[in-house]
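Read off the chains here:
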Amino acid sequence: MNWDWQFTFEVVVPRLLAVVPVTIQATVLSFLLALVLGLALMLLRISPLRVISIPAGEIIEFIRGTPLLVQLFFLFFLLPEIGIVLPPLTTGIVGLGIYNAALCAEVYRAGILNVPAGQWEAAKALNLSACRTYRDIIIPQSLPPIVPALGNYFIGIFKETPLLSFLAVAELMHASKLIGSEYYRFTEAVTVAGVFFLVMSLAAAALVRFAEGRIRGRILH
Amino acid sequence: MIDFDYLATLDFSVPWKYRWQLLSGLWVSFCLMLVSSAAGLAIGIVFAMVSRTRHAVIRWMIAGYVEFFRNTPLLVQLIWLHFVLPLLTGINTTPLVSGTLALTLNVTAYFSEIARAGINSVGRGQWEGAQALGLQAFPTWVRVILPQALRVMVPPLAGMVINIFKATAILSILAIDDLMRVATRISNSAFKPVEMITAAAVLYLILGSLLALGADRVERKYGPRRQSA
């Protein structure tokens, strides 16, 4: 089997470059959804009412305990049946977002529980409102362990996007499989897709480290 | 509007009818998890030990391996190994072989990082003590360093094993009859995708929870000793 450079540069690279925005879009939107939904799940989870906190904990465990692929298929088949017809990319973003929201909720919770009880008591003694307690006391102190973990989930989501190819979302992996079956040349298509993932993942890791440094600098000063 | 009536029409007699197939798929998933975890852990520990060498080339090679497998998606590695490697080398692998191989290569990278952190957590005094007692390299590792490192490694290892179990679902694309593939195959012929996928999710959850429970017990027995307050 010989490697065809001409085919690589004339067909594979341009067609894969064309779908890179889809992968990036899926990653960023899923991450944002996970951040917001995770916060909501965490707030339900730490609710003093056990009627709310126990089901919330069960839901988080259920999402964390089943494979992402299973959840994507589940959404893909269930949503149209109950009358919600979404484009595949949206279904994929929702699936990735929900799965990672459960992971984010646990990260948030760990961060908040990490704040010593004395801080809560002091805020209460100073008669701070719930809003100010969270905004000025609890959240700034819980961020340092949360931020790096969220950064890892961002990269994790990026590496989970090829699973969306099963929902026929036109992202990198899907495009490379398509090229492979059109030209009967999988070697170049899959290898270049792998290189794309590697480069973008390393870039994302550098970005996350940069953002971490910036956020840490802002918290400390 | 959401059509909740559909939920009332769900027919869970279908997954029940195919329960033995689903359970055999679960067994295949479990075996894949077991093989990849065992092989990945063993190779990962060896990689972590070897990467303490003074030879920069070997260190760089292992670091490159770890970074490569941690920074590309498992699905890409799987397809690359299954479709491209046979074309490049001429060795044809069955789906089961390439699936297990890809999963093992992938998790080895993670295990090697866990092992590295565990080994690094052993204090310098332990190394110096072993040297002062005149221990050779082998007994230093096996009797002094690794027993202490393994204790620290138990919690991340437990999480990793459960992740591997969930990751086996991806292997279903290579026509390995694991739980996910059995469920999708039956749903294609019985036209009951929601019921079959739900049943698969429940089975994954049950075995995953049992694994987590087991991991918790192992952690309590062999995990890092907590300072008593």
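Quick caveat: nothing in here was measured; it's all calculated off a predicted structure. (Residues numbered from 1 in each chain as written. Chains lettered and ligands numbered in written order. Predicted model: local features only at pLDDT ≥ 70, side-chain atom pairs only at ≥ 80, totals over all residues. Heavy atoms only, no water.)

Novice: Any chance you could break down unusual backbone geometry for me, citing the residues and the numbers?
Specialist: Peptide bonds are, in most cases, trans, and in most cases residues other than glycine have a negative phi. Residue and element names in this part refer to chain A. Not every positive phi belongs to a glycine, and Asn127 is a case in point at roughly 60 degrees. By the element assignment, Asn127 lies in the loop between α5 (117–125) and α6 (130–160). For Asn127, a relative accessible area of 69% gives the class exposed. Look at Ala168: it is not a glycine, yet its phi comes out positive at around 60 degrees. With respect to the secondary-structure elements, Ala168 resides in the loop between α6 and α7 (172–183). Accessibility expressed as a relative area gives 48% for Ala168, which makes it partly exposed. (Helix = DSSP H or I, 4+ residues; strand = E, 2+ residues; numbered from the N terminus. Buried < 20%, exposed > 50% of the residue type's maximum accessible area, 1.4 Å probe, protein only.)

Novice: Just give me the short version of a nonpolar patch on the surface, but keep the residues and values in it.
Specialist: Residues Phe62 of chain A together with Val202, Ile206, Leu210 and Leu213 of chain B make up a contiguous nonpolar surface patch of roughly 450 Å² in combined accessible area. Element by element, the count of residues in the nonpolar patch is highest for helix α10 (residues 193–222) of chain B, at four residues. In this fold, Leu210 of chain B is placed in helix α10. (Patch = residues over 30% accessible without salt bridge, like charges linked within 9 Å, V, L, I, M, F, W, Y side chains within 5 Å. Areas by Shrake-Rupley, 256 points an atom, 1.4 Å probe, with all protein chains shown as cover. Salt bridge = Lys/Arg side-chain N within 4 Å of Asp/Glu carboxyl O.)

Novice: Give a description of the pattern of salt bridges that names residues and reports values.
Specialist: Under the defined criterion, the tally for this structure stands at 11 salt bridges over all chains. Put simply, Asp136 of chain A and Arg132 of chain A hold a salt bridge, and the shortest N to O gap is 3.0 Å. Here Asp136 of chain A pairs with Arg132 of chain A, and both are found in helix α6, just four residues apart, close to one helical turn. Using a relative accessible area of 34% as the deciding quantity, one classes Asp136 of chain A as partly exposed. Between Arg185 of chain B and Asp177 of chain B there is a salt bridge, and its shortest N-O distance comes to 2.7 Å. The partly exposed category is assigned to Arg185 of chain B, whose relative accessible area is 37%. The class for Asp177 of chain B is partly exposed, based on a relative accessible area of 35%. Through salt bridges with shared partners, a single network forms among Arg132, Arg135 and Asp136 of chain A.

Novice: Break down the side chain of Thr184 of chain B for me, citing the residues and quoting the values.
Specialist: On the secondary structure map, Thr184 of chain B appears in helix α9 (residues 179–190). Polar side-chain contacts of Thr184 of chain B include one of 3.0 Å to the backbone oxygen of Arg181 of chain B. In contact with Thr184 of chain B, other than residues within four places in its own chain, are Phe73 of chain A together with Ile197 of chain B. (Polar contact = N/O pair within 3.5 Å; in protein donor to acceptor, adjacent residues only side chain to side chain. Contact = heavy atoms within 4.5 Å.)

Novice: A description of the interface of chain B and chain A should follow, citing residues and the corresponding values.
Specialist: Contacts between the two partners involve 34 residues from chain B, matched on the other side by 34 residues from chain A. Regarding the contact of chain B and chain A, the summed buried area is about 3,100 Å², with carbon and sulfur atoms giving 80% of it. Connecting chain B to chain A are zero salt bridges. Summed over the shared surface of chain B and chain A, the number is six residue pairs in polar contact (both at pLDDT 80 or more). Those elements giving two or more residues to the side of chain B that touches chain A turn out to be α1 (5–8), α4 (56–71), α5 (74–89), α9 and α10 of chain B. If you tally residues by element for the side of chain B that touches chain A, the top one is α5 of chain B, at eight residues. Among the residues making up the side of chain B that touches chain A, the classes are represented as 25 nonpolar, five polar and four charged. (Buried area = accessible area lost by both parts, 1.4 Å probe. Nonpolar A, V, L, I, M, F, W, Y, C, P; charged D, E, K, R; others polar.)

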